[in-house]
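Topology and contacts: notes
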Amino acid sequence: MSKQTHSFQAEVSQLLHLVTHSLYSNSEIFLRELVSNASDACDKLRFEALNNTALYEDAPELQVRLSFDTAAKTLTITDNGIGMTAQEAIDHLGTIAKSGTKDFMSKLSGDQKSDAQLIGQFGVGFYSGFIVADKITVDTRRAGVPAEQGVRWVSGGTGDFEVETLNRAERGTSVILHLREEALEYANTWKLKEIVGKYSDHISLPILMEKEEWKDGELIDPKDEKGGRQPGAMVKTGEWETINKASALWTRPKKDITDEQYADFYKQISRDFEAPLTWTHNRVEGSTEYTQLLYLPSKAPQDLWNRDKKAGIKLYVKRVFIMDEAEALMPSYLRFVKGVVDSADLPLNVSRELLQESRDVKAIREGCTKRVLSMLEDLAKHDKAPEAATEGASKDAGVTDVLSDEDKAKLGQYTRFYTEFGAVLKEGLGEDFANRERLLKLLRFASTTSDTMSVSLADYKARMKEGQDAMYYITADTLAAAKNSPQLEVFKKKGIEVLLMTDRVDEWALNFVHEFDGTPLQSVAKGAFDLGKLQDEEEKKAAETAAESFKPVLAKLKEALKDKAEDVRVTSRLVDSPACLVVTDDGMSMQLARMLKQAGQSAPEVKPVLEVNPEHALVKKLDGSVHFHDLAHILFDQALLAEGGLPADPAAYVKRVNALLA
Ligand code: ADP
């Protein structure tokens, strides 16, 4: 193939522009990205070679080599991994295939500072080479193809790149960076070793550099030993040494790994810019043996709500990388967990299909789920400084003074976690029956006594009133709507706490939960009003009398609203409002029905029950009013408005109100 010129995909050009213009402040990440590509290429070779050992040709030892040439101003990263064919080079180094990078592109604001931060989060892979190079040459040959089918790819990182055939004896890829003047510092052994130590120590593959040694300069006067020498220099010795630890981080004993190394490894595998919230690292022994290193991120990714999003777990078998996004290893409601599972038992050629069926995988999945839940329980337990810790301590000592450093670090962490991921965790109630009890204990809600999402079901239960036999909650679109619902009026009056649920998943998740620790959960907007023992006899009598004397009015209301309301009845749940809407005990809430409709899904037509407050002036006026029909409809529509809905015919509503106002 003679030289061909190709244009970059438009997004690549955009990305390249950004890379070269705003990333300079963190330029060293280019090495991390290129070494990681080299390592991936070796992983791919190892994987393909499982079924075809010929691919190793005569070089079975996979490795990455770094070398530089100060005179030529080049830095080269060479791997003997899978390599690329010409078509692969054109496809992979000319477009952005990865959805993550595409995602990233769509987030660019044009503001260099924040865009540069974003890049750190996403990683730009190969293209980051252009941070330090004004030209990149890639020489490569796919494993298993003849030497004549090598490829040279060259680009200056602007609009296009060139590709031509190359004779290349060795398999794999060399990325040759032609360094910019301001990036010449990277043509230096110490510098490169430092960066490899920082980002790539955990790469299980050896990263080699040629050893250097000091050589004195030549004698200025060859005949006079004392006459001085030319300046000396470090020279290459032709001997190569491994400069990284070359052992996968998760295989090392915990005590040998620093928090910083854990955090760096997390950033590498998750492409997250921020450090993780916490992690758990264990070797699990028993009928199934594996190592797990699982992280909780500190921030939710943009696509958290995409349930099709793959889990963030990388699967290794005996240190050989098998696959990314191994969703069989983590339930969907824990899809935010990132990490590595390295199994000692699975076959190396395990396929995605096989993963779904394997008993070992099931055991790993259960084990990982339990681990994550324990990690969360631990955070939840230490989220607030425990009262107990201050017991016995001197009065002046702050709570934090008596906590261990480790416990101090955990303060507030669960709250942070829950703010980001709590809503996803709730999906587990419908998904993971085996762990439902544990999940329930991890939930936090706002309530009529707490605006922050900090009330656990156990807290609520402990605060329940004498004689209260249900845990009350209300679901609404927003906290304000929940707090101001008419249904809460009598609860407020009697000082009974009600949980305020405002996550979209709450209603759905609660379908699967009928009680907590033996106490039923009861929506205050569903079913007939019954406070049980909390209502005294007098109140009950008064309600019955009111209902009795109201019967004729109710019959008329029912008739007037027969198209809108399932039923009309009097209630004692209201104090200040004239009316409210409720649904039957097992009915879908109006809020959920609305949500489904908005999402374009089919939802049953919910016909609510209108409950009226016989003590309210407006309701008292109904009897004998000439405006009965209009008042009835206004009552209904206002109850609908109060709980976040819209009258079916808003114009008619306005007309009726105006007629009365006039
Ligand atoms: P990513 O590695 O995240 O997919 P990159 O932009 O870094 O994105 O690389 C794009 C693609 O180019 C890779 O997915 C891979 O197919 C190919 N590639 C990059 N570097 C190498 C390499 N050293 N050896 C073989 N293929 C490579």
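It should be emphasised that the depicted structure is a prediction, and the values quoted were computed from it without experimental measurement. (Residues numbered from 1 in each chain as written. Predicted model: local features only at pLDDT ≥ 70, side-chain atom pairs only at ≥ 80, totals over all residues. Heavy atoms only, no water.)

Right, let's talk about the side chain of Ser 155 for a bit. Relative to the elements of secondary structure, Ser 155 occurs in strand E5 (residues 150–155). On the basis of relative accessible area, Ser 155 is assigned to the buried category, the value being 2%. At 2.9 Å, the side chain of Ser 155 forms a polar contact with the backbone nitrogen of Gly 157. Apart from the residues lying within four places of it in its own chain, the contact partners of Ser 155 are Phe 8, Phe 130, Asp 134, Lys 135, Ile 136, Asp 160 and Phe 161. (Helix = DSSP H or I, 4+ residues; strand = E, 2+ residues; numbered from the N terminus. Buried < 20%, exposed > 50% of the residue type's maximum accessible area, 1.4 Å probe, protein only. Polar contact = N/O pair within 3.5 Å; in protein donor to acceptor, adjacent residues only side chain to side chain. Contact = heavy atoms within 4.5 Å.)

A word on the sheet that holds strand E12 (residues 312–317). With respect to topology, 5 strands assemble into an open sheet ordered E10-E11-E14-E12-E13, the strand pairing being mixed. The outermost strands of the open sheet, each flanked by one partner alone, are strand E10 (278–284) and strand E13 (320–323). This sheet shows a mean twist of 20 degrees between the axes of neighbouring strands, independent of strand direction. Taken together, the 6 bridges between strand E11 (residues 290–296) and strand E14 (residues 338–343) define a ladder with antiparallel strand orientation. Note on E14: the bridge partner recorded for Leu 294 is Gly 339. Each of E10, E11 and E14 is contacted by helix H10 (residues 359–381), which is oriented at about 40 degrees to E11, the strand it contacts most. (Pairing = 2+ DSSP bridges. Axes fitted to C-alpha atoms, helices over the stretch in contact; angles between N-to-C directions.)

Looking now at empty space enclosed by the protein. Evaluated as defined, the whole model comprises 2 cavities of 30 Å³ or more. Quantified by volume, the largest cavity comes out at close to 220 Å³. What lines the largest cavity is a set of 21 residues, among which Ile 474, Thr 475, Ala 525, Gln 591 and Glu 643 lie closest to the centre. Elements represented by at least two residues in the lining of the largest cavity include exactly strand E17 (471–475), strand E22 (579–582) and helix H21 (590–598). (1 Å grid on protein atoms, 1.4 Å probe; cavity = no way out; pocket = protein on both sides within 12 Å on 5 of 7 lines; lining within 4 Å. Points joined across faces, edges and corners; volume = space filled by probe spheres on them.)

Under the criterion given, the structure shown has 20 aromatic pairs. Grouped by ring-pair contacts, the aromatic residues Phe 8, Phe 126, Tyr 127, Trp 153 and Phe 161 constitute a single cluster. Of note, Lys 193 hangs over the ring of Trp 190, and the distance from its end group to the ring centre comes to 5.1 Å. One Lys or Arg, Lys 556, reaches over the ring of Phe 628 and ends 4.4 Å from the middle of that ring. (Phe/Tyr/Trp six-rings, centres within 6.5 Å; stacked < 30°, edge-to-face > 60°. Lys NZ or Arg CZ within 6 Å of the ring centre and 35° of its normal.)

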